[in-house]
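Geometric and topological summary
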Amino acid sequence: QECSKKQKNDDTQSTSVGALSSNDGFEEKNEFDTLVNAKILLSDCLACDNCMTSEEGARVFQQNQKELFRILNLNKKCDTSKHKVLAVSICPQSLPYFAAKFNLSVNDAAKRLCGFLKSLGVHYVFDTTIAADFSILESQREFVQRYQRRNQEEHALPMFASACPGWIRYAERVLTNLVTSHICTAKSPQQIMGSLVKGYFARQQNLSPDKIFHVIVAPCYDKKLEALREDFYTALYNSQEVDCVLTSGEIVQIMEQKNVSMKDVTEVAVDSLFDEIKEGDVVRHDGKRSDGYLEHIFKHAAKELFDMDVKEITYKALKNKDFQEVTLEKDGETVLRFAAAYGFRNIQNMVLKLKKGKFLYHFVEVLACPGGCLNGKGQAQTEDGKPDKALLHQMEEVYAAIPVRLPETNLHVQKMYQDWLEGVDSKKVQETLHTKYSAVNETASNLDIKW
C-alpha cells in the first residue's frame, strides 16, 4: 500500500478535501465575499485520505476565513442575543512567521497581529504559551509516573508525546493499539487553550462557553482536524473547545485581501486570561522548533528520578537531522534515553523498531512535520507549494532568540492549579488537562506502508 502522504502538492491526484462551502446557510453579501476559499490539499494536510472521513473533510474545509467573518458580521447585527465574544489564541510557533515575513521583532509582530485582529472586530487575543506550560507540566508528571511503573505495566514505556495532531491521527487510524497505549494522555497546547478559554476564562467573564467563538492561529492544517475531536466537545453547551483553526498563512491572506501591511497596523498589547492585565514580552519553552517537550521532560526526569541537575542538553544526530537522541548516564550506565523523531519517514522507522521489539527509548518527541512545528505547511510554503527554506531559516533565528521561561516558574499556572483545578493531583486536572488516545479501527497491516 502506497501512503498518500507522500504525494506532492502539484500531484493532480491529490484532490482537495470534500468541499462544503462555509457560506452554506449564510446568504448575505458582504465585503469579505471576495475571500478565496482555502483549498486544503490532501498532500498539505498530514492526515491524508487514508485516515480521514468525508464528513471530517467537509468540516475541516469549513474552518476558513469566511467562518471568522460570518461571526464578525453576526456581531454587527442588532440582535444581541446572537452575538459572540470572539477570542483568538496564537501559537508561539506562528509568531516567528509574522516576524520574519514582515521583518519585525517578535514582540512587535505579536502586538501588530493583535492590533490587526482587533481592528477586524476580535474582542480578545491570547498567547497559547500558558497552555503549553500546562501541557508540559502534565507530560513531565506522567513520564515520571510511567517510568516508576515500567516493571509492572507492559505499556508504561516508551512514552510518546501527544502535542502533534498529525501524529496522533496517524497513530489512532493507522498504527492502532501498537502505539496508542504509549501516547502521553496530556492534551496538546491547542486543546488545553480551548479548556482555558471555554472553561476558566468563560467563568471569569460570567459567560456561557457557547457564547464564545474561539479561533486558534496555528502553523499547520492538522490543527483544524484536532479541533473536531469528539473528546474536545461539551454536549451540555453544544460547544467545541476550539471553534475554528486558521493557519498563519490564512491570516496573511486576510491582510492581503484588506490591503493591510503589518507595519501599518497599530500595536496593541496581547490580552491575558487574568483580569485586565496585559501580556509582557514574548517567551518560549526550551526546544529549537517546537514547545520543547523532550528537553523539559528530560531535565525534570533527571532531577526527579536520579537527583541530577541537567543544565545543557547535547543532541546526537543519528540517520538524519530530524532523528536525534539524548542520553543521561549515571555511574557509567545509561539511565535515560530520549529521542526526537520529526517527519513520517522517521516516525515509520521508529514504529518498525517498536514492532520488532528493538526499541531503546524511554520517551520520543514525535512531530509529523520534518523540521518541527515552525515548518508547518500552513506557513512555511512558497506559493507553488514548496518549502520556503529561506523563510524557515529566518523563523528559526527569530524563535531561538526568544527568551526561555520554565513552566514551573509561571505563577499564574501554579495559582490556577489551586484555585481552578482544585490541586495538582485532582480529578478535575484529569478531566480538564488530559484525554485518551485509542485505536479507531484495526488496520495493523498498514504498518507495511511503503514510504
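Please read these numbers as outputs of a predicted model, since none were measured by experiment. (Residues numbered from 1 in each chain as written. Predicted model: local features only at pLDDT ≥ 70, side-chain atom pairs only at ≥ 80, totals over all residues. Heavy atoms only, no water.)

1. Topic: the overall build of the protein chain
Note the cut-off: Secondary structure follows DSSP: runs of H or I at least 4 residues long count as helices, runs of E at least 2 residues long count as strands, and numbering of each begins at the N terminus. The contact criterion used is simple: two residues touch if any of their non-hydrogen atoms lie within 4.5 Å. To be clear on the numbers: accessible area is Shrake-Rupley with a 1.4 Å probe, and residue cover counts the displayed protein chains and nothing else.
Along its length, the protein chain carries 15 helices and 11 strands. In the protein chain, once contacts between residues fewer than 6 apart in sequence are set aside, the share between residues at least 24 apart is 76%. Put simply, the protein chain shows about 19800 Å² of open surface, and 47% of that area lies on carbon and sulfur atoms.

2. So, the sheet that holds strand E8 (residues 316-317)
Applicable threshold: For two strands to be treated as a pair, DSSP must find no fewer than two bridges joining them. Between N-to-C directions, angles span 0 to 180 degrees; the directions come from axes that are lines fitted to C-alpha atoms, helices contributing only their stretch in contact.
Strand order in the open sheet formed by five strands is E3-E11-E10-E9-E8, with mixed pairing between adjacent strands. Bordering the open sheet on either side are strand E3 (159-160) and E8, each of which pairs with just one other strand. Two elements, strand E10 (residues 333-342) and strand E11 (residues 363-367), share five bridges in a ladder whose sense is parallel. Its bridge partner lying in E11, Ala339 is registered against Val364. Across the sheet, helix H11 (residues 293-306) touches E3, strand E9 (323-330), E10 and E11, and the angle it forms with E10 is around 165°.

3. Observations regarding the packing of helix H5 (residues 129-148) against H11
Worth spelling out the cut-off: Small angles under 35 degrees read as roughly parallel and large ones over 145 as roughly antiparallel, with 65 to 115 read as roughly perpendicular and the rest as oblique. A crossing counts as left-handed when the near helix is turned anticlockwise from the far one by less than a right angle, and as right-handed when that turn is clockwise.
Closest axis-to-axis distance for the H5/H11 pair is 9 Å, and the angle between their directions is 45°. Between H5 and H11, the interaxial angle falls into the category oblique. Where H5 crosses over H11, the handedness of that crossing is right-handed. Facing Ser135, Ile136, Ser139, Gln140, Phe143, Val144, Tyr147 and Gln148 of H5, the residues of H11 in contact are Tyr293, His296, Ile297, His300, Ala301, Glu304, Leu305 and Phe306.

4. Focus on the packing of aromatic side chains
Which entries qualify depends on this criterion: Two rings belonging to Phe, Tyr or Trp (six-membered ring only in the last case) form a pair when the distance between their centres is within 6.5 Å. Interplanar angles under 30 degrees mark stacking, angles over 60 mark edge-to-face geometry, and anything in between is tilted. Relative accessible area decides the class of each residue, using a 1.4 Å probe on protein chains only: under 20% of the type maximum gives buried, over 50% gives exposed, and in between gives partly exposed.
Within the structure shown, the criterion is met by 18 aromatic pairs. Relative to Tyr361, the ring of Phe323 lies with its centre 6.1 Å away and its plane at 70°, an arrangement referred to as edge-to-face. On the criterion of sequence distance, the pair formed by Phe323 in strand E9 and Tyr361 in the loop between helix H12 (344-355) and E11 is long-range, its members being 38 residues apart. Here Phe323 and Tyr361 have matching classes, each one buried. For the ring pair Phe338 and Phe363, a centre distance of 5.2 Å and an interplane angle of 50° mean the geometry is tilted. Residue Phe338 is located in strand E10, and its partner Phe363 is located in strand E11; the two are separated by 25 residues in the primary sequence. On the accessibility criterion, Phe338 (0% relative accessible area) is buried. A relative accessible area of 0% means that Phe363 is categorised as buried. A connected cluster of aromatic rings, assembled from ring pairs, spans Phe143, Tyr147, Phe298, Phe306, Phe338 and Phe363.

5. Notes on H5
Formally: Here the expected length of a helix is defined as 1.5 Å per residue gap, with one fewer gap than residues.
End to end, H5 covers 29 Å across 20 residues, agreeing with the expected 28 Å (1.5 Å per residue, within 8%). In terms of burial, H5 is a largely internal element, 17 of the 20 residues being buried.

6. Topic: unusual backbone geometry
Cis geometry marks the peptide bond from Leu157 to Pro158, where omega comes out at 0°. Here Pro158 shows up in the loop between H5 and E3. Backbone geometry at Asn206 places phi at a positive 55°, although glycine is not the residue there. Look at Asn259: it is not a glycine, yet its phi comes out positive at around 55°. As for its position among the elements, Asn259 is in the loop between helix H10 (248-257) and H11. The exposure class assigned to Asn259 is exposed, which follows from its relative accessible area of 71%.

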